[in-house]
Amino acid sequence: MVSAGKDVSQGRPEPPFAESVVQVPVVSQHSIGNCLFGQPVGHHLEVQPIAVAVTRNNLTAIQSREPAELVLFTPGRPAPTVRISLSNESKEDIGHKLFHMNSGAGIACASCHPEGGEDGRTWNFACIGPRRTQSLQFGLAGTAPFHWDGDMKDFSTLMNQVFVGRMSGGQPNNLQLSGMKAWLDTLRPAPRPAPTQPAAIARGQAIFLDAKVGCASCHSGPKLTNNVSVDVGTSGAFQVPSLIGLADRAPYMHHGCAKTLRNRF
Ligand code: HEC
Ligand code: HEC
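Residues numbered from 1 in each chain as written. Chains lettered and ligands numbered in written order. Predicted model: local features only at pLDDT ≥ 70, side-chain atom pairs only at ≥ 80, totals over all residues. Heavy atoms only, no water.

**Here's the deal with helix H4 (residues 155–166)**
Part 1 of the reasoning: Turning to H4, its buried residues are Phe155, Thr157, Leu158, Met159, Val162 and Phe163.
Part 2 of the reasoning: Packing partners of the buried residues in H4 comprise helix H2 (94–100) and helix H5 (174–185).
Part 3 of the reasoning: Phi for Ser168, located one or two positions after H4, is positive at around 55°. (Buried < 20%, exposed > 50% of the residue type's maximum accessible area, 1.4 Å probe, protein only. Helix = DSSP H or I, 4+ residues; strand = E, 2+ residues; numbered from the N terminus. Contact = heavy atoms within 4.5 Å.)

**With respect to the site of ligand 1**
Part 1 of the reasoning: In the neighbourhood of ligand 1, 24 residues make up the surrounding shell, with Cys109, Cys112, His113, His147 and Trp148 lying closest.
Part 2 of the reasoning: Separating a nitrogen atom of ligand 1 from a side-chain N or O atom of His113 is a distance of 2.9 Å.
Part 3 of the reasoning: At 2.8 Å from an oxygen atom of ligand 1 is found a main-chain nitrogen or oxygen belonging to Trp148.
Part 4 of the reasoning: The biggest single contributor to the shell around ligand 1 is H4, with four residues. (Near = heavy atom within 4 Å. Polar contact = N/O pair within 3.5 Å; in protein donor to acceptor, adjacent residues only side chain to side chain.)

**Re the site of ligand 2**
Part 1 of the reasoning: Around ligand 2 there are 23 residues in total, and Cys215, Cys218, His219, Thr234 and Arg249 lie nearest to it.
Part 2 of the reasoning: Contact distances for ligand 2 include 2.9 Å between a nitrogen atom and a side-chain N or O atom of His219.
Part 3 of the reasoning: For ligand 2, an oxygen atom lies 2.5 Å from a polar atom in the side chain of Arg249.
Part 4 of the reasoning: Those elements giving two or more residues to the shell around ligand 2 turn out to be helix H7 (215–218), strand S10 (237–239) and helix H8 (261–264).
Part 5 of the reasoning: It is H7 that provides the largest number of residues to the shell around ligand 2, a total of three residues.
Part 6 of the reasoning: A per-class count over the shell around ligand 2 returns 15 nonpolar, six polar and two charged. (Nonpolar A, V, L, I, M, F, W, Y, C, P; charged D, E, K, R; others polar.)

**Some points on the coordination of the iron atom of ligand 2**
Part 1 of the reasoning: You will see that the iron atom of ligand 2 has only one donor from the protein, His219 (NE2), lying 2.1 Å away.
Part 2 of the reasoning: Of note, His219 is situated in the loop between H7 and strand S9 (229–231). (Donors = N, O, S within 2.8 Å, 3.2 Å for Na, K, Ca; no water.)

Dropping the structure here:
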């Protein structure tokens with residue numbers, strides 16, 4: 001839990017939202033009616049939940065990331081019935097916390113980028129039109145500018161526009177900004193099973209790298225993008241997307257029009 005203290009890097013007070021980072025209101029179904037009539041009931045617990053289950057004898061079980069513990073509630077009782085520590089090792093991370101917190105508008109970065117990935121959705125923005133959520137699991141460092149249009153020139157511009165502007169968040173301080181950036185840069189797609197058709201993969205790679213075909217002229221380097229906006233006949237110039245983790249994130253293209261890779265081609 002971040003207390004409302006000072007930002008050690010700046011000597012400035014920490015923004016007020018830091019206090020509400022990891023509050024988890026856990027409200028059982030039968031108590032929702034009471035909430036509507038202005039009597040919030042249910043459990044209030046300051047942990048980072050990563051899984052919730054209801055046990056056979058009707059206890060609510062929450063697994064928390066930080067602190068690493070299992071917390072069991074009995075319906076109708078606000079205090080936890082049992083707290084079982086799973087580890088003493090701390091995974092406290094300011095970037096992870098900021099990414100997962102309620103910004104103040106009831107939404108978190110992780111609402112659309114679960115695990116730093118993508119939600120499978122194409123969101124409709126009033127001014128720019130439909131935009132497919134981009135996965136962030138390819139190592140964000142060195143891939144600016146951001147967004148399909150490439151209109152976010154760096155990470156702090158994106159945070160100002162998205163976190164502060166669209167999500168009504170507080171102004172993050174430098175420690176929080178650099179923490180979030182550093183944490184995002186650690187993200188990679190989930191490991192995949194070993195390929196079963198190595199010959200097909202080699203054939204595909206040869207085509208991809210063939211100068212006459214030209215894929216690698218735009219999808220170049222270790223992140224498979226040259227970070228440039230190009231018009232490839234899809235109604236405007238868009239950032240060349242990284243192709244890392246491609247198999248698990250259909251639909252494709254800035255407006256999510258291609259349900260499969262075959263569609264895309
Ligand atoms: C409502 C869903 C939603 C929320 C909330 C959200 N994003 Fe996104 N994110 C998107 C969409 C959609 C795009 C593509 C937008 C575009 O191109 O205009 C995107 C794109 C991005 C990109 C660009 C990736 C690239 O390769 O260019 C980054 C970085 C990013 N989001 C980080 C964040 C962070 C950090 C937060 C929290 C402050 C956040 N997002 C909150 C949906 C969301
Ligand atoms: C001239 C630059 C350029 C070349 C060459 C190019 N691409 Fe792309 N590629 C792009 C751009 C820009 C987009 C995004 C277009 C959009 O969303 O409207 C894109 C999108 C994609 C996507 C969708 C990815 C996603 O996340 O939605 C795939 C897959 C892809 N390209 C693969 C290839 C392959 C394979 C080749 C070679 C046959 C190739 N590209 C050649 C620029 C290029």
